[in-house]
Amino acid sequence: MAASGRRPEHRGPPELFYDEAEARKYTQNSRVVEIQSQMSERAVELLGLPEDRPCLLLDVGCGSGLSGDYISEEGHYWIGMDISPAMLDVAVEREVEGDLLLADVGHGIPFRPGMFDGCISISAVQWLCNADKKSHSPPKRLYRFFSTLYTALARGSRAVLQLYPENSEQLELITAQAMRAGFTGGMVVDYPNSSKAKKFFLCLFVGASGTLPKGLGTECADEELHQAKFTNERTRFKNIKGKSVKKSRDWILEKKERRRRQGKEVRADTKYTGRKRRPRF
């Protein structure tokens, strides 16, 4: 289930739509990357994670790992699932910090009970509403996904699934199967009066039901004010000129240290770490 920063058009199953060329084009699109980062930030915010410890999250439809990058930046660990081999190949090339699993979530979430502290999904769940094969039944696939996701999540945790519903009937189908699987919660809609900024987040609770968060842009007509509060300018990896300093020496050293703490094999630091290479001709 390859994630996307835009409303996907149904052009066959995602594992075929996101081929090698499409996967690379998608990951190199700066606007898609920015939108993906914003939606990931909002999804993690809606999870309401504890601030005193790192958490293990499931990223459904992780694609090339763009949403996982934000999870790692926040100091959490993650496992990503996706149905597109091409997308996961790009994630491996990008050396994302999460673990990756090639799988169709319509067949269920294959992890032990209570394993995850939360789940996010960016622009992926609506793909389950498509019957790409004769054997596919969207209600059954949705229920299989939600019921096994419910089991894999720890009690008291949340799942936040950003999606692009085609219509109200599809939205009702997704929500009904989630509730049938045992979840409580509902839909959080950010900027409901804006055709461009409007976003749907299905916020689900496991076990004891919580208070459903309010959508952004619902209390004030000044959407730009809310958008400013949401993005918070994300100054962590920006210099005073506003240019990203990702891939700088400090950023690379920090990333390598996080990977060492996870027990992963990392190349030794040298004077060449982070140094730009000359272009090849």
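Above this note sits the structure.
Nothing here was measured: the structure is a model prediction, and the numbers come from that model. (Residues numbered from 1 in each chain as written. Predicted model: local features only at pLDDT ≥ 70, side-chain atom pairs only at ≥ 80, totals over all residues. Heavy atoms only, no water.)

Undergrad: Please give an account of the nonpolar core that cites residues and values.
TA: Side chains of nonpolar character tend, in soluble globular proteins, to be buried together. One finds Phe145, Phe146, Leu149, Leu161 and Phe183 to be the most contacted residues of the largest nonpolar core, which totals 31 residues. Among the secondary structure elements, those contributing two or more residues to this core are β1 (56-60), β2 (77-82), β4 (116-122), α6 (138-152), β5 (153-163), α7 (168-180) and β7 (199-205). Here this core gets six residues from one element, more than from any other, and that element is α6. Core analysis: the next-biggest nonpolar cluster, separate from the first, contains 24 residues, Tyr70, Trp78, Tyr164 and Phe201 among them. (Core = buried A, V, L, I, M, F, W, Y, C linked by side-chain atoms within 4.5 Å. Buried < 20%, exposed > 50% of the residue type's maximum accessible area, 1.4 Å probe, protein only. Helix = DSSP H or I, 4+ residues; strand = E, 2+ residues; numbered from the N terminus.)

Undergrad: With reference to specific residues and values, describe the sheet that holds β1.
TA: Taking strand neighbours across the sheet as the criterion, the seven strands line up as β3-β2-β1-β4-β5-β7-β6 in an open arrangement whose pairing is mixed. The open sheet terminates on both sides in strands that have one partner only, identified here as β3 (99-102) and β6 (184-190). Here the strands of the sheet are splayed against their neighbours by 15 degrees on average, with no regard to which way each runs. The pairing of β1 with β4 spans four bridges and is classified as parallel. Counted as the bridge partner of aspartate 59 is isoleucine 120 from β4. Contacts from helix α3 (residues 30-47) reach β1, β4, β5, β6 and β7, with the element oriented near 145 degrees to β4. Along the sheet face, helix α4 (residues 66-73) touches β1, β2 and β4 and points at about 170 degrees away from the line of β2. (Pairing = 2+ DSSP bridges. Axes fitted to C-alpha atoms, helices over the stretch in contact; angles between N-to-C directions. Contact = heavy atoms within 4.5 Å.)

Undergrad: So what's going on with the side chain of glutamine 126? Residues and values would help.
TA: In this structure, glutamine 126 sits in the loop between β4 and α6. Its relative accessible area of 6% is what places glutamine 126 among the buried residues. Of the polar contacts made by the side chain of glutamine 126, one reaches the backbone nitrogen of tyrosine 164; its length is 3.1 Å. (Polar contact = N/O pair within 3.5 Å; in protein donor to acceptor, adjacent residues only side chain to side chain.)

Undergrad: Explain the environment of tyrosine 77 residue by residue, including any values.
TA: Mapped onto the secondary structure, tyrosine 77 falls in strand β2. Given a relative accessible area of 34%, tyrosine 77 falls into the partly exposed group. Put simply, tyrosine 77 and proline 54 are 23 residues apart on the chain and 7.1 Å apart in space, counted from C-alpha to C-alpha.

Undergrad: Would you mind going over the pairing of β7 in detail, with residue names and values included?
TA: If a strand is regular, its side chains alternate between the two faces of the sheet. In terms of burial, β7 is a largely internal element, seven of the seven residues being buried. Residues Lys199, Phe201, Cys203 and Phe205 point to one face of β7 and Phe200, Leu202 and Leu204 to the other, with burial holding for every one of them. As paired strands, β5 and β7 are joined by six bridges and run antiparallel to one another. Along β7, the bridge assignment pairs leucine 163 with phenylalanine 200. Here β6 runs beside β7; their pairing, made up of seven bridges, is antiparallel.

Undergrad: Go over unusual backbone geometry with me, naming the residues and quoting the values.
TA: Here the phi dihedral of glutamate 95 falls at roughly 55 degrees; this positive angle occurs in a residue that is not glycine. For glutamate 95, the position within the fold is in the loop between α5 (85-93) and β3.

Undergrad: I'd like to hear about the environment of valine 90, residue by residue, with values.
TA: By the secondary structure assignment, valine 90 is in helix α5. Relative accessible area serves as the criterion here: at 7%, valine 90 is assigned to the buried category. Sequence spacing of valine 90 and glycine 65 is 25 residues, and the spatial spacing of their C-alpha atoms is 8.3 Å.

Undergrad: Just give me the short version of the packing of aromatic side chains, but keep the residues and values in it.
TA: Taken as a whole, this structure holds four aromatic pairs when the rule is applied. Aromatic pair phenylalanine 145 and phenylalanine 146: ring centres 4.9 Å apart, planes at 50 degrees, arrangement tilted. With a centroid separation of 5.1 Å and 80 degrees between ring planes, the pair formed by tyrosine 150 and phenylalanine 183 is classed as edge-to-face. In this pair, tyrosine 150 sits in helix α6 while phenylalanine 183 sits in the loop between α7 and β6, placing the two residues 33 residues apart along the sequence. With respect to burial, tyrosine 150 and phenylalanine 183 carry one shared label: buried. Of the aromatic side chains, those joined through ring pairs into one cluster are Phe145, Phe146, Tyr150 and Phe183. (Phe/Tyr/Trp six-rings, centres within 6.5 Å; stacked < 30°, edge-to-face > 60°.)

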